[in-house]
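One-letter residues, chain by chain:
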Amino acid sequence: MVEIYQYYDYHKYLYDVYEERKKSDLHFSFRYIGQKTGIDPGYLVKVLQGKKNLALGIVPKFAEILKLDARRREYFELLILFSKAKSNQEIKHYFEKLL
């Protein structure tokens, strides 16, 4: 099982979760995730590759698909904020919250 707390990059986390779930559930695909979240499957591929970012508004839908409890959902949201941080102050702030 992929544990979210081992990650500081949500792109890598999503990629690892996708790979693990795909092994046990043949119906778990980019198209399936796209249908559940409203995200284009091609865009989703770019997110998992680290080329694009997710909007915070999509967190509830991903939390449902990934079966994240409230604490893990909050951590997932912090991972997204951390990845989008621009200034050193923002990076430090979100990194400290992740710890």
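Further up the page is the structure itself.
Caption draft 1: Structural detail: the environment of Val-2. Along the chain, Val-2 turns up in the segment before helix H1 (10–24). By relative accessible area, Val-2 is classed as buried at 16%. Along the chain, Val-2 and Asp-69 lie 67 residues apart, while their C-alpha atoms are 14 Å from each other. Apart from the residues lying within four places of it in its own chain, the contact partners of Val-2 are Tyr-7, Tyr-13, Asp-16, Val-17 and Glu-20.

Caption draft 2: The arrangement of H1 in detail. Under the 1.5 Å per step criterion, the end-to-end length of H1 is 21 Å for 15 residues, consistent within 8% with the ideal 21 Å. All buried positions along H1 are accounted for by Tyr-10, His-11, Tyr-13, Leu-14, Asp-16, Val-17 and Tyr-18. Of the surrounding elements, those touching the buried residues of H1 are helix H2 (30–37), helix H3 (41–48), helix H4 (59–66) and helix H5 (70–84).

Caption draft 3: Just the nonpolar core, in detail. Residues Tyr-10, Tyr-13, Leu-14, Leu-54, Phe-62 and Phe-76 are the most contacted members of the largest nonpolar core, which totals 31 residues. Elements that contribute at least two residues to this core include exactly H1, H3, H4, H5 and helix H6 (88–98). Of the residues forming this core, the biggest block, six residues, is contributed by H5. Excluding anything up to four places from it in sequence, Leu-14 contacts Val-47, Leu-48, Leu-54, Phe-62, Leu-66 and Phe-76.

Caption draft 4: Looking closely at the environment of Glu-19. Tracing the backbone shows Glu-19 in helix H1. In this structure, the C-alpha to C-alpha distance between Glu-19 and Val-2, residues 17 residues apart in sequence, is 9.9 Å.

Conventions and cut-offs
- Residues numbered from 1 in each chain as written.
- Predicted model: local features only at pLDDT ≥ 70, side-chain atom pairs only at ≥ 80, totals over all residues.
- Heavy atoms only, no water.
- Helix = DSSP H or I, 4+ residues; strand = E, 2+ residues; numbered from the N terminus.
- Buried < 20%, exposed > 50% of the residue type's maximum accessible area, 1.4 Å probe, protein only.
- Contact = heavy atoms within 4.5 Å.
- Expected span 1.5 Å × (residues − 1).
- Core = buried A, V, L, I, M, F, W, Y, C linked by side-chain atoms within 4.5 Å.

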